[in-house]
Amino acid sequence: MPLQALRGTTDLLGEEVKRWSVVEHTAHRIAQVYGYQELRTPLIEDASLFLRSVGETTDIIQKEMFRFEDRGGHDIALRPEGTASVVRAYLEHNLHKTDGFAKLFYLGPMFRAERPQAGRFRQFHQYGVEAIGSESPWVDVEVITLCLHILRECGLTGAVVWLSSMGCRNDQQRSAQLLRERLMKGKPKLCKECQARFEKNVFRVLDCKNPTCHEIAWRSKVSPFVLCEACAAHFDEVRRGLREASVSFDDTKIFTRGLDYYTRTVFEVRATGLGAQDAVAAGGRYDHLVEELGGPSMGAVGFAAGIERVLMAVDHGRAEAAPMANRRRGVYLAVATPSLIGEGFRFVQQLREHGVCAVMDYDGKSLKSQLREADKANCQLVAILGEAEVKQRAITLKDLEQGSQETVSFDAFVDEVSRELKTLCQR
Ligand code: HAM
């Protein structure tokens, strides 16, 4: 049997690749509009980076990280998320000294050895932003607004923002104590892992998928987070800013984030119709991470969206997905006889030099099957070159979308096609 892609990984082909490109380009373009510059980091990192940031007691580190020792005995991990790498790069390249406040955009594959299911993959793809160097609640507002702007431009409607605050580190210590007291009675029934988590990092008991632990952890319908005055005021400012930006949110939902670095604002964007894996994007503040990774003390906030889930959510609300519609593009040059392939190739090449997507057949197929191929390839125009055309030094140009036809002289051909084609090979 031929080899197959690993479980939880997928190949992207044909139309699917085009849909991905639309999301990737949209995310990049809009992030730039908000002043975020792209940064690319390696797919592999020293595993300790994630242990120190995402947190040793999280599911991501304990169960899901692809981790291996290289030949030199180094402990390496495939990145399970982007934030830690971005902060590492920010510090490594001294951006805290040169840029201070930095607004960074990233996009690429992430890896988690989770059990694959609908919307959950082992290699998945995120785009995201990190704004490093400010504690202003307005940056939280900007990041959430940007996150929703991209989703909207991708054709996603009806997504809901869950918004909460986890408070500062002092608040989290107080909250952890209160949570321990609340869970104390049920503690003997918690699984072995949660017994350890109870002492080390009680918030992680809230993530446990074991039904008994889940029931005990979530029995009380009270938020596990208490806020000091400064954090409550910060959260109020975020909510006020979002209202001013006309961004709706739901701050009544109780939820936790499965990564340890968060402080203050956290949010998740949930889409309808995705079942259990309905978070298309998520993020929040992490005001201590830069310092914990060896830098100065500075606030930071960001988000990441899962491209697979964004596309699934857009599919679900297909009616609103006009930007994802598959438009015809480019030109197919068909030749009436194989002897004209050379002549045809010259025109195709001229079009390509002008940035026009142009294709043709080199195998001497019949004109009929070339026309069929042009339609299958979703070309907008077909240019037909036959003996009669060569004699007249003109080409027949058919618009497959409009159904119209005209004859264009050799000299005017490239300009005419470039003008007529609305969709150039930009993507
Ligand atoms: P996260 O919630 O782990 O946060 O992931 C963000 C998004 O990535 C999720 O909402 C989901 O759309 C997608 N995602 C995560 N795991 C999978 C998976 N196994 N399969 C498919 N999609 C997945 C983070 O990664 C943080 N770094 C976000 C952040 C940025 N916080 C601050 N800045």
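1. Quick notes on helix H16 (residues 410–420)
Item 1. Looking only at H16, the buried set comprises Phe410, Phe413, Val414, Glu416 and Val417.
Item 2. Packed against the buried residues of H16 are strand E11 (331–335), helix H13 (341–353), strand E13 (381–385), helix H15 (387–392), strand E14 (394–399) and strand E15 (405–409).

2. Re the site of the ligand
Item 1. As a matter of local geometry, the ligand sits amid 27 residues, with Glu81, Arg112, Glu114, Arg257 and Tyr262 nearest to it.
Item 2. Tyr262 is positioned such that a nitrogen or oxygen atom in its side chain is 2.6 Å from a nitrogen atom of the ligand.
Item 3. A distance of 3.0 Å is found between an oxygen atom of the ligand and a backbone nitrogen or oxygen belonging to Val280.
Item 4. Relative to its free-state accessible area of 650 Å², the ligand is covered by the protein chains to the extent of 96%.

3. Digging into a nonpolar patch on the surface
Item 1. Taken together, Leu43, Ile44 and Phe68 make up a surface patch of nonpolar side chains, about 250 Å² in accessible area.
Item 2. One can find Leu43 in the loop between strand E1 (37–38) and strand E2 (44–46).

4. Overview of the confidence of the model for the protein
Item 1. Averaged over all residues, the pLDDT of the protein equals 93, while 96% of them reach at least 70.
Item 2. Taken as a whole, residues 319–324 scores under 50 in pLDDT and shows 14 contacts with residues more than four places along the chain or in a different chain.
Item 3. Note on residues 423–427: pLDDT under 50 across the span, and 13 contacts to partners over four residues away in sequence or across chains.

5. A closer look at the packing of helix H6 (residues 137–153) against helix H10 (residues 229–244)
Item 1. At their nearest, the axes of H6 and H10 sit 8 Å apart, and the two run at 45 degrees to each other. One way to sum up the angle between H6 and H10 is to call them oblique. The hand of the H6/H10 crossing is right-handed. Listed contacts from H10 to Pro137, Trp138, Asp140, Val141, Ile144 and Thr145 of H6 are His234, Glu237, Val238, Arg240, Gly241, Leu242 and Glu244.

6. Quick look at the pairing of E13
Item 1. Buried residues dominate E13, accounting for five of its five residues.
Item 2. Both faces of E13 are covered, namely the face carrying Leu381, Ala383 and Leu385 and the face carrying Val382 and Ile384.
Item 3. In terms of strand pairing, E11 meets E13 through five bridges, oriented parallel. Of the residues in E13, the one forming a bridge with Leu333 is Ala383.

7. Things to note about the sheet that holds strand E4 (residues 75–78)
Each strand in a sheet pairs with another by means of backbone hydrogen bonds, the pair being arranged parallel or else antiparallel.
Item 1. Taken in spatial order, the three strands of this open sheet run E2-E4-E3, and their pairing is antiparallel. Sheet topology places E2 and strand E3 (67–69) at the edges, where each strand pairs with a single neighbour. Going across the sheet, the axis of each strand differs from the next one's by a mean of 35 degrees, ignoring polarity.
Item 2. Sheet analysis places E3 next to E4, joined by three bridges and oriented antiparallel. What sits directly across from Arg67, in E4, is Ala77.

8. Examining the side chain of Arg270
Item 1. Positionally, Arg270 belongs in strand E8 (residues 263–270).
Item 2. Given the relative accessible area of 18%, Arg270 is considered buried.
Item 3. Polar side-chain contacts of Arg270 include one of 2.6 Å to the side chain of Asp278.
Item 4. Ignoring any residue separated from it by four or fewer positions in sequence, one finds Arg270 in contact with Gly158, Ala159, Val160, Trp162, Asp278 and Ala279.

9. Notes on the packing of aromatic side chains
Item 1. Tallied over the entire structure, the rule returns eight aromatic pairs.
Item 2. On the basis of an interplanar angle of 50 degrees and a centroid distance of 5.8 Å, the ring pair of Trp162 and Phe255 is categorised as tilted. Residue Trp162 is found in strand E7 (residues 160–165), and its partner Phe255 is found in the loop between H10 and E8; the two are separated by 93 residues along the sequence.
Item 3. Judged by relative accessible area, which is 17%, Trp162 ranks as buried.
Item 4. A residue is classified by how much of its surface remains accessible, and Phe255, at 5% relative accessible area, is buried.
Item 5. In textbook terms, an aromatic cluster arises when at least three aromatic residues are bridged by ring pairs, as seen for Tyr261, Tyr262 and Tyr286.

10. Overview of the domain arrangement of the protein
Item 1. As assigned here, the protein comprises domain 1 (14–167 + 227–320) and domain 2 (331–426).
Item 2. Here domain 1 and domain 2 have C-alpha centroids that lie 45 Å from each other.

11. What to know about empty space enclosed by the protein
Item 1. Counted by the stated rule, this structure contains one cavity of 30 Å³ or more.
Item 2. Reported here for the largest cavity is a volume of approximately 30 Å³.
Item 3. Along its surface, the largest cavity is lined by Leu179, Arg182, Leu206, Ala217, Trp218, Ser220, Val222, Pro224 and Ile254.
Item 4. Here the lining of the largest cavity is built from residues that sort into seven nonpolar, one polar and one charged.

12. Overview of the environment of Arg285
Item 1. Summarising the element assignment, Arg285 is placed in strand E9 (residues 279–285).
Item 2. Separated by 16 residues in the primary sequence, Arg285 and Val301 have C-alpha atoms spaced 4.0 Å apart.
Item 3. Only 2.8 Å separates the side chain of Arg285 from the side chain of Asp140, close enough to count as a polar contact.

13. Some details on the state of the cysteines
Item 1. Summed over the entire model, instances satisfying the criterion amount to zero disulfides.
Item 2. Here Cys228 is not disulfide-linked; the sulfur of Cys231 is the nearest cysteine sulfur, at 3.6 Å.

14. Details of the pattern of salt bridges
Item 1. Applying the stated criterion to the full structure yields 35 salt bridges.
Item 2. Residues Arg197 and Asp59 are paired through a salt bridge, measuring 2.6 Å at the closest nitrogen-oxygen approach. Of this pair, Arg197 sits in helix H8 (residues 192–200) while Asp59 sits in helix H3 (residues 59–64); the two residues are 138 residues apart in sequence, bridging distant segments of the chain.
Item 3. Members of the salt-bridge network, linked through shared partners, are Asp59, Lys63, Glu193, Arg197 and Lys209.

Thresholds applied
- Residues numbered from 1 in each chain as written.
- Predicted model: local features only at pLDDT ≥ 70, side-chain atom pairs only at ≥ 80, totals over all residues.
- Heavy atoms only, no water.
- Buried < 20%, exposed > 50% of the residue type's maximum accessible area, 1.4 Å probe, protein only.
- Helix = DSSP H or I, 4+ residues; strand = E, 2+ residues; numbered from the N terminus.
- Contact = heavy atoms within 4.5 Å.
- Near = heavy atom within 4 Å.
- Polar contact = N/O pair within 3.5 Å; in protein donor to acceptor, adjacent residues only side chain to side chain.
- Areas by Shrake-Rupley, 256 points an atom, 1.4 Å probe, with all protein chains shown as cover.
- Patch = residues over 30% accessible without salt bridge, like charges linked within 9 Å, V, L, I, M, F, W, Y side chains within 5 Å.
- Salt bridge = Lys/Arg side-chain N within 4 Å of Asp/Glu carboxyl O.
- pLDDT = per-residue confidence, 0-100.
- Axes fitted to C-alpha atoms, helices over the stretch in contact; angles between N-to-C directions.
- Parallel < 35°, antiparallel > 145°, perpendicular 65-115°, else oblique.
- Left-handed = near helix turned anticlockwise from the far one by under 90°.
- Pairing = 2+ DSSP bridges.
- Phe/Tyr/Trp six-rings, centres within 6.5 Å; stacked < 30°, edge-to-face > 60°.
- Domains from an automatic or database assignment.
- 1 Å grid on protein atoms, 1.4 Å probe; cavity = no way out; pocket = protein on both sides within 12 Å on 5 of 7 lines; lining within 4 Å.
- Points joined across faces, edges and corners; volume = space filled by probe spheres on them.
- Nonpolar A, V, L, I, M, F, W, Y, C, P; charged D, E, K, R; others polar.
- Disulfide = S-S within 2.5 Å.

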